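So you can see what is in the structure, the chains are spelled out below.
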Amino acid sequence: MSKNKLGLVFGFSAYGLWGLFPLYWPLLEPAKALEIVSHRAVWTLVFCVIILALTKALKSTVTTLKRPQVALKLFAASFLISVNWLVYIWATNNGHVVEASLGYYINPLIIIAFGVLLLKEKMRVLQWVAVGIASLGVLILTIDYGRLPWVALALAISWGSYGLIKKQLGLGALEGLAIETGISFIPYAGYLLYLGNQGNGQFGNSPGLTILLISAGAVTAVPLLLFNGSTTRLPLSTIGLLQYITPTLQFSIGVWVRHEDMPAARWAGFLIIWVALITLGTDLVRSSRTVDNSITQ
């Protein structure tokens, strides 16, 4: 299999698995969102440590924390990923899958905004058009919901901020995830011990649920490893377009599997968001071709 084809397999697998997450988290009920996130973090750390030990990368990963500036950014990343996980799992298990998908649809636009505001990057014309169209879509959805779509905004901002920090750090996906879950291990493990002592924890109540809670570690880490494999084999433009697989699957699950309410105004808001994303995708492809042409000349 060629490098490009293997990258596509990895990419489709990663984004496909992320898109199917709304089918997995409800299986962990009656565990609440915070308990699920706690198990997710603890077992993800265990999974990462095992893989790092097998690949003899554990020592170098721990050494990373000895640099104060890097450690500070990793603490921030750990907080942001915790917020993202908590909001996402709560939304999935409380009938807000469609709104959660909106968060990942608008995430590329949030990243563009961060680039302009924080990194002083210049936006191209089509990017401005896409942001303007998307803003209209969010406004329509805000009117439809009768409130700001806070789930979507919280997911987009937390994930966008997390991505910004990770870009600055330049760590490997597995190494970064191991450190981030390691930082949050004590509070999460402490909370699980507290639940267990109070008799309110779900771990151990049934073999099936216990296995599913433990499996949350692999469920979290495997798509990330697949994503990492795709980014090293595919051009940025392809990765940029593949990322829409995830929210599209989430949206489909929310509408046709979970049967969430979709009035006409909400459909209109999403259609406008999709037009914005098509515009953004067009710009991404054009800019990628420009770069490719400049390299070959």
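Given the structure is predicted, the values throughout are model-derived calculations rather than measurements. (Residues numbered from 1 in each chain as written. Predicted model: local features only at pLDDT ≥ 70, side-chain atom pairs only at ≥ 80, totals over all residues. Heavy atoms only, no water.)

### Some words on the environment of Glu-35
Argument step 1. Position of Glu-35 among the secondary structure elements: in helix H3 (residues 33-54).
Argument step 2. Considered as a pair, Glu-35 and Tyr-191 are 156 residues apart in the sequence and their alpha carbons are 7.9 Å apart.
Argument step 3. Look past the residues within four positions of Glu-35 in its chain and what remains in contact with it is Tyr-191, Leu-192, Leu-195, Asn-200, Gly-201, Gln-202 and Phe-203. (Helix = DSSP H or I, 4+ residues; strand = E, 2+ residues; numbered from the N terminus. Contact = heavy atoms within 4.5 Å.)

### What about unusual backbone geometry?
Argument step 1. Of the consecutive residues Glu-29 and Pro-30, the connecting peptide bond is found in the cis state with omega at 20°.
Argument step 2. With respect to the helices and strands, the residue Pro-30 is situated in the loop between helix H2 (21-24) and H3.
Argument step 3. At Lys-56, a residue that is not glycine, the phi angle is positive and equals roughly 55°.
Argument step 4. Mapped onto the secondary structure, Lys-56 falls in the loop between H3 and helix H4 (58-63).
Argument step 5. A positive phi angle is found at His-259, which is not glycine, with a value near 55°.
Argument step 6. Counting through the fold element by element, His-259 comes out in the loop between helix H13 (245-257) and helix H14 (264-296).

### Notes on the nonpolar core
Argument step 1. Membership of the largest hydrophobic core comes to 52 residues, with the highest contact counts inside it found for Trp-25, Leu-28, Tyr-88 and Leu-155.
Argument step 2. Examining the composition of this core, we find that ten residues originate from one element, helix H5 (residues 68-92), more than from any other.
Argument step 3. Discounting residues that sit within four places of it in the chain, Tyr-88 has contacts with Trp-18, Phe-21, Pro-22, Trp-25, Ala-100, Tyr-104, Leu-155 and Gln-250.
Argument step 4. With 25 residues, the next largest nonpolar core counts Ile-112, Met-262, Leu-277 and Leu-280 among its residues. (Core = buried A, V, L, I, M, F, W, Y, C linked by side-chain atoms within 4.5 Å. Buried < 20%, exposed > 50% of the residue type's maximum accessible area, 1.4 Å probe, protein only.)

### Some details on the packing of aromatic side chains
Argument step 1. Applying the stated criterion across every chain, the model contains 17 aromatic pairs.
Argument step 2. Each ring, one from Tyr-15 and one from Phe-227, has its centre 5.9 Å from the other, and the planes form 80°; the classification is edge-to-face. One end of the pair, Tyr-15, is in helix H1 (residues 3-19); the other, Phe-227, is in helix H11 (residues 207-231), with 212 residues separating them in the sequence.
Argument step 3. Assessed through its relative accessible area of 7%, Tyr-15 is described here as buried. (Phe/Tyr/Trp six-rings, centres within 6.5 Å; stacked < 30°, edge-to-face > 60°.)

### Examining helix H6 (residues 97-117)
Argument step 1. Look at H6: 29 Å from first C-alpha to last across 21 residues, which is about the 30 Å you get at 1.5 Å a residue.
Argument step 2. In the structure, H6 departs most strongly from a straight axis at Asn-107, where the bend amounts to approximately 40° and where the proline Pro-108 lies between one and four residues downstream.
Argument step 3. The element H6 is largely enclosed, with a buried count of 17 among its 21 residues. (Expected span 1.5 Å × (residues − 1). Bend = angle between axes of the 7 residues up to and from the residue.)

### Overview of the packing of H3 against H11
Argument step 1. Remark: H3 packs on H11, axes separated minimally by 7 Å, with the N-to-C direction vectors making an angle of 65°. Seen from above, H3 lies across H11 with right-handed handedness. Seen from H3, the contacting residues are His-39, Arg-40, Trp-43, Thr-44 and Phe-47; seen from H11, they are Leu-213, Ile-214, Ala-216, Gly-217, Ala-218, Thr-220, Ala-221, Val-222 and Leu-225.
Argument step 2. Among the residues making up the contact of H3 with H11, the classes are represented as nine nonpolar, four polar and one charged. (Axes fitted to C-alpha atoms, helices over the stretch in contact; angles between N-to-C directions. Left-handed = near helix turned anticlockwise from the far one by under 90°. Nonpolar A, V, L, I, M, F, W, Y, C, P; charged D, E, K, R; others polar.)

### Quick word on a nonpolar patch on the surface
Argument step 1. Among the surface-exposed residues, Leu-20, Leu-23, Trp-256 and Val-257 lie close enough to one another that they form a single nonpolar patch of about 390 Å² accessible area.
Argument step 2. Examined against the element boundaries, Leu-20 turns out to sit in the loop between H1 and H2.
Argument step 3. Leu-20 gets classed as partly exposed once you look at its relative accessible area, which sits at 38%. (Patch = residues over 30% accessible without salt bridge, like charges linked within 9 Å, V, L, I, M, F, W, Y side chains within 5 Å. Areas by Shrake-Rupley, 256 points an atom, 1.4 Å probe, with all protein chains shown as cover. Salt bridge = Lys/Arg side-chain N within 4 Å of Asp/Glu carboxyl O.)

### Points about the environment of Gly-176
Argument step 1. If you trace the backbone, Gly-176 turns up in helix H9 (residues 173-183).
Argument step 2. Sequence separation of Gly-176 and Ala-268 is 92 residues, and the distance between their C-alpha atoms is 39 Å.
Argument step 3. Those residues in contact with Gly-176, other than ones at most four positions away along the chain, are Lys-166 and Leu-171.

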